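Examination of the molecular architecture
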Amino acid sequence: MYAYDEIDRTLINERVSEFRDQVKRRLSGELSEDEFKMIRLMNGVYLQLHAYMFRVAIPYGTLSSAQLRKLAHVARKYDRGYGHFTTRQNIQFNWIKLADLPDALADLAEVGIHAMQTSGNCTRNITADQWAGVAPGEVEDPRIWAELLRQYSTLHPEFSFLPRKFKFAITASAHDRAAIKVHDIGLRLHRNDKGETGFEVLVGGGLGRTPFIGKTIREFVPGRDLLSYVEAILRVYNQYGRRDNIYKARIKILVHELGIEKFAEEVETEWLQIRDSTLALDAAVVEDIRSRFSYPAYEKLAPMPDELKQAAADPQFEAWRTNSVAPHKVQGYAIVTLSLKPIGGAPGDATAAQMDAVADLADKYSFGEIRVGHEQNLAFPHVAKRDLPALWRALDKIGVATPNVNLVTDIIACPGLDYCSLANARSIPIAQELTRRFANHDTANLIGRLHVNISGCINACGHHHVGNIGILGVEKNGEEVYQITIGGRADENAELGKLIGPAVPYAEVADVVEDIVEAYLALRERPDELFIDAVKRLGVEPFRERVYATR
Amino acid sequence: MPLVNKGQIVSDGFVHLADDAKLPSDGAVLVSATRFLANAESLSARNSPVGVIWPNNRSVDELAPWLDRLAAVALVFPTFRDGRAHSQARLLRERHHYRGELRATGQVLRDQFTFLLRNGFDSFEVKKDSDAHAFAEATQRYTEFYQPTGDGRQTALERRLRQRHSESANS
Ligand code: SF4
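Residues numbered from 1 in each chain as written. Chains lettered and ligands numbered in written order. Predicted model: local features only at pLDDT ≥ 70, side-chain atom pairs only at ≥ 80, totals over all residues. Heavy atoms only, no water.

1. Describing the overall build of chain B
Looking only at helices and strands, chain B features seven helices and eight strands. Dimensions along the principal axes, computed over C-alpha positions, put chain B at roughly 70 × 35 × 30 Å. Per-residue burial over chain B gives 54% buried out of 171 residues. Residue pairs in contact within chain B that sit at least 24 positions apart in sequence constitute 46% of those at least 6 positions apart. Counting only carbon and sulfur atoms, one obtains 50% of the accessible surface of chain B, whose full area is about 7700 Å². Taking the average place of the 23 positive charges on the side chains of chain B and the average place of its 21 negative ones, the gap between the two points comes to 4 Å. (Helix = DSSP H or I, 4+ residues; strand = E, 2+ residues; numbered from the N terminus. Buried < 20%, exposed > 50% of the residue type's maximum accessible area, 1.4 Å probe, protein only. Contact = heavy atoms within 4.5 Å. Areas by Shrake-Rupley, 256 points an atom, 1.4 Å probe, with all protein chains shown as cover. Lys, Arg positive; Asp, Glu negative; His and termini not counted. Charge placed at Lys NZ, Arg CZ, Asp CG, Glu CD.)

2. A look at the sheet that holds strand E3 (residues 62–64) of chain A
All names here are of chain A. Here five strands make up an open sheet; going across it, the order is E3-E14-E15-E12-E11 and the pairing antiparallel. Looking at strand neighbours, the two that pair on one side only are E3 and strand E11 (325–327), the edges of this open sheet. Averaged over all pairs of adjacent strands, the angle between their axes in this sheet comes to 30°, without regard to strand direction. Judged from the two bridges that link them, strand E14 (residues 369–372) and strand E15 (residues 378–384) form a sheet pairing that is antiparallel. Note that in E15 the partner of Val 372 across the bridge is Leu 378. The strands that helix H3 (residues 65–78) touches are E3 and E14; relative to E3, the one it contacts most, it runs at about 85°. (Pairing = 2+ DSSP bridges. Axes fitted to C-alpha atoms, helices over the stretch in contact; angles between N-to-C directions.)

3. Focus on the sheet that holds strand E10 (residues 215–222) of chain A
Strands in a sheet are paired, the pairing made by backbone hydrogen bonds, and the direction either parallel or antiparallel. Residue and element names in this part refer to chain A. One open sheet holds the five strands; their spatial order is E6-E7-E8-E9-E10, and the pairing between them is mixed. Two strands in the sheet have a free side with no partner beyond their single neighbour: strand E6 (127–128) and E10. Alignment of strand E9 (residues 197–203) against E10, held across five bridges, turns out to be antiparallel. Looking at the pairing, Leu 202 lines up with Thr 216 of E10. Strands in contact with helix H6 (residues 226–240) are strand E7 (168–171), strand E8 (185–191), E9 and E10; relative to E10, the strand with the most contacts, it is inclined by about 150°. Sheet strands touched by helix H8 (residues 260–274): E9 and E10. Its angle to E10, the strand with the most contacts, is close to 30°.

4. Details of the packing of aromatic side chains
Going through the model one piece at a time under the given rule, you end up with 25 aromatic pairs over all chains. A centroid spacing of 5.5 Å and a plane angle of 50° characterise the contact between A:Tyr2 and A:Phe293, whose relative ring orientation is tilted. Within this pair, whereas A:Tyr2 is found in the segment before helix H1 (6–27), its partner A:Phe293 is found in the loop between helix H9 (283–291) and helix H10 (306–311), the two being separated by 291 residues in sequence. Classification of A:Tyr2 by relative accessible area gives buried; the value is 8%. The exposure class assigned to A:Phe293 is buried, which follows from its relative accessible area of 5%. In this structure an aromatic cluster arises from ring pairing among A:Tyr2, A:Tyr4, A:Tyr60 and A:Phe293. One Lys or Arg, A:Arg426, reaches over the ring of A:Tyr506 and ends 3.8 Å from the middle of that ring. Between the NZ or CZ atom of B:Arg81 and the centre of the ring of B:Phe80, over which it lies, the distance is 5.7 Å. (Phe/Tyr/Trp six-rings, centres within 6.5 Å; stacked < 30°, edge-to-face > 60°. Lys NZ or Arg CZ within 6 Å of the ring centre and 35° of its normal.)

5. Some remarks on the interface of chain A and chain B
Opposite the 50 residues of chain A that make contact, chain B presents 38 residues. Between chain A and chain B the total buried area reaches about 4100 Å² when both faces are included, carbon and sulfur atoms providing 53% of it. Ranking the residues of chain A by area buried against chain B places A:Ile7, A:Pro157 and A:Phe161 at the top, with a combined share of 19%. In this structure, the connection of chain A to chain B is made through 13 salt bridges. B:Arg90 is the salt-bridge partner of A:Glu158, the closest N and O atoms lying 2.7 Å from each other. Where chain A touches chain B, the interface holds 29 residue pairs in polar contact (both at pLDDT 80 or more). Elements supplying a minimum of two residues to the side of chain A that touches chain B: H1, helix H2 (33–41), helix H5 (143–153), H6, H8 and H9 of chain A. In terms of residue count, the dominant contributor to the side of chain A that touches chain B is H1(A) (eleven residues). Its residues placed into classes, the side of chain A that touches chain B shows 19 nonpolar, 13 polar and 18 charged. (Buried area = accessible area lost by both parts, 1.4 Å probe. Salt bridge = Lys/Arg side-chain N within 4 Å of Asp/Glu carboxyl O. Polar contact = N/O pair within 3.5 Å; in protein donor to acceptor, adjacent residues only side chain to side chain. Nonpolar A, V, L, I, M, F, W, Y, C, P; charged D, E, K, R; others polar.)

6. Focus on the domain arrangement of chain A
All names here are of chain A. Assigned domains of chain A: these are domain 1 (6–109), domain 2 (134–291), domain 3 (306–397) and domain 4 (412–548). On a C-alpha basis, the centres of domain 1 and domain 2 stand 26 Å from each other. Taken residue by residue, the interface counts eight residues in domain 1 and eleven residues in domain 2. Both sides together, the interface formed by domain 1 and domain 2 hides about 830 Å², and carbon and sulfur atoms give 64% of it. The largest per-residue losses of area from domain 1 upon contact with domain 2 belong to Met 42, Tyr 60 and Arg 88, which jointly make up 59% of the total buried on that side. Along the contact surface separating domain 1 from domain 2 lie four residue pairs in polar contact (both at pLDDT 80 or more). If one sorts the elements of the side of domain 1 that touches domain 2 by residue count, H1 sits on top with three residues. When grouped by side-chain class, the residues that make up the side of domain 1 that touches domain 2 number four nonpolar, one polar and three charged. (Domains from an automatic or database assignment.)

7. Quick look at helix H3 (residues 84–95) of chain B
Residue and element names in this part refer to chain B. Between the first and last C-alpha of H3 there are 16 Å, a value that for twelve residues agrees with the 16 Å anticipated at 1.5 Å per step. Among the twelve residues in H3, ten count as buried, and that is most of the element. Of all the residues in H3, the buried ones are Arg 84, Ala 85, His 86, Ser 87, Gln 88, Ala 89, Arg 90, Leu 91, Leu 92 and Arg 93. A positive backbone phi angle near 55° is found at His 97, which sits one or two residues after H3. (Expected span 1.5 Å × (residues − 1).)

Below, the structure written as structure tokens:
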């Protein structure tokens with residue numbers, strides 16, 4: 001956990017007081033809605049279909065129990081008793097009143113969380129591997145660097161009015177859980193031949209209307225130079241990114257139009273000018289940030305405690321354990337994913353009561369720490385294995401122990417037409433229907449790893465392009481229809497899915513997904529050939545045939 | 001439109017000269033980039049101050065040969081959402097070491113004052129009277145800054161290091 005110091009606290013309070021003043025000026029009419037729009041957007045406030053939507057950042061997906069309790073409090077006091085975790089390690093509240101916002105922000109500031117730059121054309125929440133700091137084999141904890149980037153980009157005077165929004169993601173593991181290849185800047189912390197740590201920098205990834213996989217702009221940027229290198233990229237983008245067309249304004253278009261070599265040259269030229277400026281991070285500065293992260297005092301525990309051996313007799317526990325529990329870098333501990341994808345539920349939603357209960361359980365079993373992943377689930381990063389049976393019973397009671405992590409019902413979905421003013425189609429009800437179709441855990445388990453991602457419009461908040469099965473809602477002649485892609489993935493082998501054929505109506509989406517899954521089960525070489533690998537081997541054709549033969 | 005210069009509301013000493021208007025023999029003038037570049041030698045040799053209004057889609061490197069003779073550079077925010085002039089300002093101050101007046105023009109609102117100051121602007125053509133009057137309040141709101149710019153303010157990282165050193169010196 002990173003602990004705010006006096007400087008962080010002062011800044012966040014200053015931001016709250018500024019926003020309070022801005023809201024006051026809006027309510028008095030001194031600010032027009034147009035002027036206020038950019039201001040509120042800089043603070044995560046959107047005007048949605050029914051009300052203002054308020055988005056709070058969870059930097060690099062790490063929350064303390066006190067912070068989670070405060071989010072529950074905001075849900076209860078200012079909203080309708082629940083929140084929605086997004087694909088970018090944010091939480092959204094859908095029913096907030098403008099006049100209440102400054103108070104909500106002040107409450108959140110007490111525990112060191114904020115909504116700065118969760119929207120607007122600026123650097124957004126810096127996201128990271130949700131297992132950072134605990135994943136076996138990690139190079140080092142990438143959150144140190146994510147925090148440096150959070151501070152660097154917060155209220156940046158030069159880069160708060162970029163051509164378009166700007167997203168960073170960072171990982172330090174070989175297996176990418178942070179989807180760095182579909183971010184404006186993706187950072188992979190690794191060790192070079194000389195054993196020094198630094199960053200592979202990717203640029204120009206992104207989804208939306210024109211999806212691109214990020215390209216490597218530099219294989220190795222030493223930590224010392226991270227901020228100057230990032231500043232060089234942002235400066236080139238701020239000056240040359242397109243501002244004539246909102247759909248062409250993301251950095252991916254600039255990189256694409258210039259070509260990565262030319263873009264890299266521009267960045268390199270700029271970088272050489274600022275590399276040795278005050279942006280250079282000397283080791284003491286990095287150490288200072290590192291020292292503000294606290295780590296649990298792990299006990300020396302047996303790798304296989306008796307509690308676990310005994311509980312193995314219970315098939316339900318075993319189903320959950322094999323699905324939701326992952327190895328930890330410290331012997332005797334585990335990482336536990338809390339599924340926010342109950343059968344029939346809205347993906348990523350949690351009630352205030354659930355958040356409070358999760359916070360209490362985190363205190364009891366996870367050193368008071370909770371993580372939020374881009375798949376819209378939560379995780380406990382430090383659970384002693386001997387506590388797993390007790391934890392499982394407690395999680396099951398509050399409905400977050402569905403053993404479906406990474407399975408077909410672990411669906412990523414954006415809010416869609418139920419809330420979002422930009423939506424063309426519903427996403428949540430599609431997800432709900434799919435979870436009912438595959439509710440039988442044995443069936444889901446038999447199918448194996450399969451990521452279904454759903455977006456309610458081309459903006460792709462549900463990351464449909466990189467779903468193993470991607471579902472995109474579009475509008476055709478006043479009706480909601482859905483384009484289906486297969487073969488997408490968001491990890492280190494990121495790929496965009498391919499369209500299987502013409503769009504299908506709302507009522508048929510779940511049938512089509514079932515057809516695709518059945519085709520896969522019939523076609524896979526072995527039970528452990530994953531869906532994504534089968535699609536890679538076979539191509540789209542056999543799936544297309546199966547789906548459209550009878551349509 | 002009120003002008004705030006070095007924190008005070010002042011009257012504008014510069015006359016905005018249209019491209020086809022006759023150049024007055026004395027008095028400060030602000031001319032367009034096109035006009036300036038067409039007559040840069042003679043304009044910058046003028047005895048009275050000359051400033052240039054520089055568009056946000058043109059590299060400020062082009063101005064480099066004239067910077068020590070320019071009294072003012074006015075950068076443009078067609079809307080405050082268009083942030084290109086923020087980069088231009090920092091490049092003028094930090095790379096080209098321009099020391100004259102650096103003016104923000106266009107849609108300049110209270111909510112950007114601190115950013116503009118940090119990027120090196122010292123003069124502001126402010127859209128609204130109320131914003132101009134709120135200049136002091138708006139620019140004193142923040143006391144902590146996370147990132148370095150050429151404004152010389154101490155960043156959070158630097159302050160922390162200093163605090164650490166003084167703590168260890170005292171212990
Ligand atoms: S993908 Fe479209 S519908 Fe879904 S949340 Fe984003 S903007 Fe709204």
